[in-house]
Amino acid sequence: VLLVGQAPGDKEPKLGRPFAWTAGKTLFKWLHGALGWSEDEVRDRIYFAAVCRCFPGKRPEGGDRVPAPDEIANCADWLEREFALLRPELVIPVGKLALAQFLGERPLVETIGRPFRIEYRGHAADCIPLPHPSGASPWHRMEPGKTLLAAALQLIAVHPALRRG
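The following refers to the structure shown. (Residues numbered from 1 in each chain as written. Predicted model: local features only at pLDDT ≥ 70, side-chain atom pairs only at ≥ 80, totals over all residues. Heavy atoms only, no water.)

**Considerations on the side chain of Glu 82**
To keep things clear, this is the line we draw: Segments assigned H or I by DSSP are reported as helices when at least four residues long, segments assigned E as strands when at least two residues long, and all are numbered from the N terminus. A 3.5 Å cut-off defines polar contacts: any pair of N or O atoms within that distance qualifies, except that in protein one atom must be a possible hydrogen donor and the other a possible acceptor, and neighbouring residues in sequence count only when both atoms are side-chain atoms. Here a residue-residue contact requires only that any non-hydrogen atoms of the pair lie within 4.5 Å.
Here Glu 82 is to be found in helix H4 (residues 69-86). In terms of polar contacts, Glu 82 uses its side chain to reach the side chain of Arg 53, at 2.8 Å. Ignoring any residue separated from it by four or fewer positions in sequence, one finds Glu 82 in contact with Tyr 47, Ala 49 and Arg 53.

**Here we look at the packing of aromatic side chains**
Selection criterion: Only Phe, Tyr and Trp rings take part, Trp by its six-membered ring, and two of them pair if their centres are within 6.5 Å. Stacked means planes under 30 degrees apart, edge-to-face means over 60, and tilted covers everything else. Only protein chains enter the area calculation, which uses a 1.4 Å probe; residues under 20% of their type maximum are buried, those over 50% are exposed, and those in between are partly exposed.
Enumeration according to the criterion identifies five aromatic pairs in this entry. With a centroid separation of 6.0 Å and an interplanar angle of 40°, the aromatic rings of Phe 28 and Phe 48 are classed as tilted. Highlighted residues: Phe 28 in helix H2 (residues 22-35) and Phe 48 in strand S2 (residues 47-50), separated in sequence by 20 residues. For the pair formed by Phe 28 and Phe 48, the shared burial category is buried. Between Phe 83 and Phe 102 the ring centres are 6.2 Å apart and the planes differ by 35°, which places this aromatic pair in the tilted class. One end of the pair, Phe 83, is in helix H4; the other, Phe 102, is in helix H5 (residues 96-103), and 19 residues separate them in sequence.

Printed below as a string of structure tokens:
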């Protein structure tokens, strides 16, 4: 199982692990509710990757900056190689930027809560997108986001790749 985020925040490089701060707390709460796994179990059983490998910096008005197209292109080989090595059965893109790498740009209401079959760099996999767990985004805390998030987590919970071992 491959979970793909946008990019590390400013805390992740210091802490040495992805989703190590506020958004991570929300993500692990979601996955604990769906799978019953602790954060350590999730980290042991799911491989974490990112569209962009480096913290892109802050926006002038505050908050993390979304990586620019050239930054995404510069990091694309990393994700492609991770995908080729792991050959995941299930891909969980988290947030619009990660989702766009596998499904193109689409509204969240048309993607969250639905399974997709994708082919990425010659390898087929199931894809179940999640919204970004950022505190800055209210999408997952209001309808239809709450209902669609619950549907997505249920799809993840019953996926055969997460029910083994």
